[in-house]
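Listed below, chain by chain, are the residues.
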Amino acid sequence: MKPLPPVATLIVLFFGLLGLSALSLSVGAMSVPTQDLLQVLMGQASDAQTQILLFEIRVPRLLLGLLVGAALAISGAAMQGLFRNPLADPGLVGVSSGAALAAVTVIVLGQTFLAQWTQALGYFALPLAAFLGGLVVTWLIYLISTRNGRTDVALMLLSGIAINAIAGALTGVLTYVADDAQLRTLTFWTMGSIASASWTDLAMVALPIVVTLGLFPLYARGLNAFLMGENVSAHIGIAVKRLKWVTITLTALAVGAAVSVSGVIGFVGLVAPHIVRLILGPDHRWVLPGSALMGAALVVASDMLARSLIAPAELPIGIIMSALGGPFFLWLLIQRRSRVGL
């Protein structure tokens, strides 16, 4: 059986995501029958409890999961293109941890040392801090691991481990000085969750994430050229420095916005692009939008599992994704070892 053309594959992914989204609205501690779900979505009469459950809890949660998953996955695909390595991931190389540390700093110190910052920026203080944290870490990783147009993958991963450790230690210090209310928020937030999603959260991050989702595909040609190296890219007319700046800035913006509302959800940016590359090949014209769809599907599916496995209690999404992504990452390492003949 011949594989589907790229456009047809993206259409299948899109409609598969729609079906998964509809299922997500129905599944949970309180299930919603398909007939009731259709009635509510079509604006027909339904009981008040179902309307509140859907429009105040599950719809914003679903939309936030879609945006977060798409942002993390397309950022992972772009980072892998920039570093020319499929092992690059915002979580593994420390971008998510840097964004999370900045966000935790605002949560814990927002009423004391950073009071002027939070008062001046309001709802945008948290996502802006996460964006700046992710931007600093992304540039740091790139500067450490890249020399003369070549990226040392081992150095990239080791520097990511170091940054994750530093960010974890500083987050631990902030957790130690947090009060009880902040501690409850941080405990669940640092494991990754969209359980407390609201329309306010959605409004806060929708614009930066949608902008990055729209802009990333515009640089697919440059990322394709990057697969041949920076020197070749420059010779064929790619503005290399501009592409680096744009990719790193958009990655930090997308990951920072996602982390600011969901906490750290690992491996989405690793698993989704890799699956899409297996299906569609290395062309970023298809990898970037395909990764966004696949990442959204992974987060929505993980969220369904998180609220269903031990219902009525919930697991953090980060635990679900780590359980899935950890073995997948080991498989990638084994595959890479086999290719180099070790």
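Residues numbered from 1 in each chain as written. Predicted model: local features only at pLDDT ≥ 70, side-chain atom pairs only at ≥ 80, totals over all residues. Heavy atoms only, no water.

K.L.:
How would you summarise the overall build of the protein if you had to cite specific residues and measurements?
P.N.:
Scanning the protein for helices and strands turns up 15 helices and 2 strands. Rg of the C-alpha trace for the protein: 20 Å, near the compact-globule value of 20 Å for 342 residues, within the 12% margin. Expressed as lengths along the three principal axes of its C-alpha atoms, the size of the protein is roughly 65 × 60 × 40 Å. Considering the protein as a whole, with its 342 residues, one finds that 52% of them fall into the buried category. The contacts in the protein between residues at least 6 apart in sequence include a share of 76% that link residues at least 24 apart. Surface summary for the protein: the accessible area is close to 15900 Å², and the carbon and sulfur share equals 70%. Charge separation in the protein, taken as the distance between the mean sites of 17 positive and 12 negative side-chain charges, equals 19 Å. (Helix = DSSP H or I, 4+ residues; strand = E, 2+ residues; numbered from the N terminus. Rg over C-alpha atoms; globule rule 2.2 N^0.38 Å. Buried < 20%, exposed > 50% of the residue type's maximum accessible area, 1.4 Å probe, protein only. Contact = heavy atoms within 4.5 Å. Areas by Shrake-Rupley, 256 points an atom, 1.4 Å probe, with all protein chains shown as cover. Lys, Arg positive; Asp, Glu negative; His and termini not counted. Charge placed at Lys NZ, Arg CZ, Asp CG, Glu CD.)

K.L.:
A description of helix H9 (residues 199-215) should follow, citing residues and the corresponding values.
P.N.:
With 17 residues, H9 extends 24 Å from end C-alpha to end C-alpha; this agrees with the ideal 24 Å at 1.5 Å per step. Its axis deflected by about 40 degrees at Ala206, H9 carries its strongest bend there, up to four residues before the proline Pro208. Of the residues making up H9, those classed as buried are Asp201, Leu202, Met204, Val205, Pro208, Ile209 and Thr212. The inward-facing, buried residues of H9 contact helix H3 (48-83), helix H6 (125-145) and helix H12 (240-262). (Expected span 1.5 Å × (residues − 1). Bend = angle between axes of the 7 residues up to and from the residue.)

K.L.:
Please set out the environment of Ser302 residue by residue, giving values where relevant.
P.N.:
Position of Ser302 relative to the elements: it lies in helix H14 (residues 284-308). You can call Ser302 buried: its relative accessible area is 2%. Distance in space between the C-alpha atoms of Ser302 and Leu243 is 33 Å, their sequence separation being 59 residues. If we ignore the near neighbours within four places in the chain, the residues touching Ser302 are Ile317, Ile320 and Met321.

K.L.:
Report on unusual backbone geometry, specifying residues and quantitative values.
P.N.:
If you check the backbone angles, Phe267 has positive phi at about 75 degrees while not being a glycine. Its place among the elements puts Phe267 in the loop between H12 and helix H13 (268-280). The class of Phe267 is buried, set by a relative accessible area of 15%.

K.L.:
Break down the packing of aromatic side chains for me, with residues and values.
P.N.:
Inspection of the entire model under this criterion finds 2 aromatic pairs. When the centroid spacing of 5.4 Å and the interplanar angle of 80 degrees are considered together, the rings of Phe14 and Phe15 count as edge-to-face. For Phe15, a relative accessible area of 53% translates into the label exposed. (Phe/Tyr/Trp six-rings, centres within 6.5 Å; stacked < 30°, edge-to-face > 60°.)

K.L.:
Give me the environment of Met204: which residues, what numbers.
P.N.:
Mapped onto the secondary structure, Met204 falls in helix H9. According to the relative accessible area criterion, Met204 is buried, its value standing at 9%. As a C-alpha pair, Met204 and Ala257 span 53 residues in sequence and 8.4 Å in three-dimensional space. Apart from residues lying up to four places away in sequence, Met204 is in contact with Tyr123, Phe124, Pro127 and Val261.

K.L.:
Mind laying out the pattern of salt bridges, listing which residues take part and the relevant values?
P.N.:
A complete count under the given rule lists 3 salt bridges for this structure. Measuring nitrogen to oxygen at the nearest pair gives 2.6 Å for the salt bridge that ties Asp283 to Arg285. Where salt bridges share partners, they join Arg61, Asp303 and Arg307 into one cluster. (Salt bridge = Lys/Arg side-chain N within 4 Å of Asp/Glu carboxyl O.)

K.L.:
Before we move on, can you summarise the packing of helix H4 (residues 95-109) against H6 with the specific residues and values?
P.N.:
Packing of H4 against H6 leaves a shortest axis separation of 7 Å and a crossing angle of 145 degrees. Of the two elements, H4 crosses H6, and the hand of that crossing is right-handed. The segment H4 lies against H6, with Val95, Gly98, Ala99, Ala102, Ala103, Val106 and Ile107 engaging Ala125, Leu126, Ala129, Ala130, Gly133, Gly134, Val137 and Thr138. In terms of residue class, the contact of H4 with H6 is built from 11 nonpolar, 4 polar and no charged. (Axes fitted to C-alpha atoms, helices over the stretch in contact; angles between N-to-C directions. Left-handed = near helix turned anticlockwise from the far one by under 90°. Nonpolar A, V, L, I, M, F, W, Y, C, P; charged D, E, K, R; others polar.)

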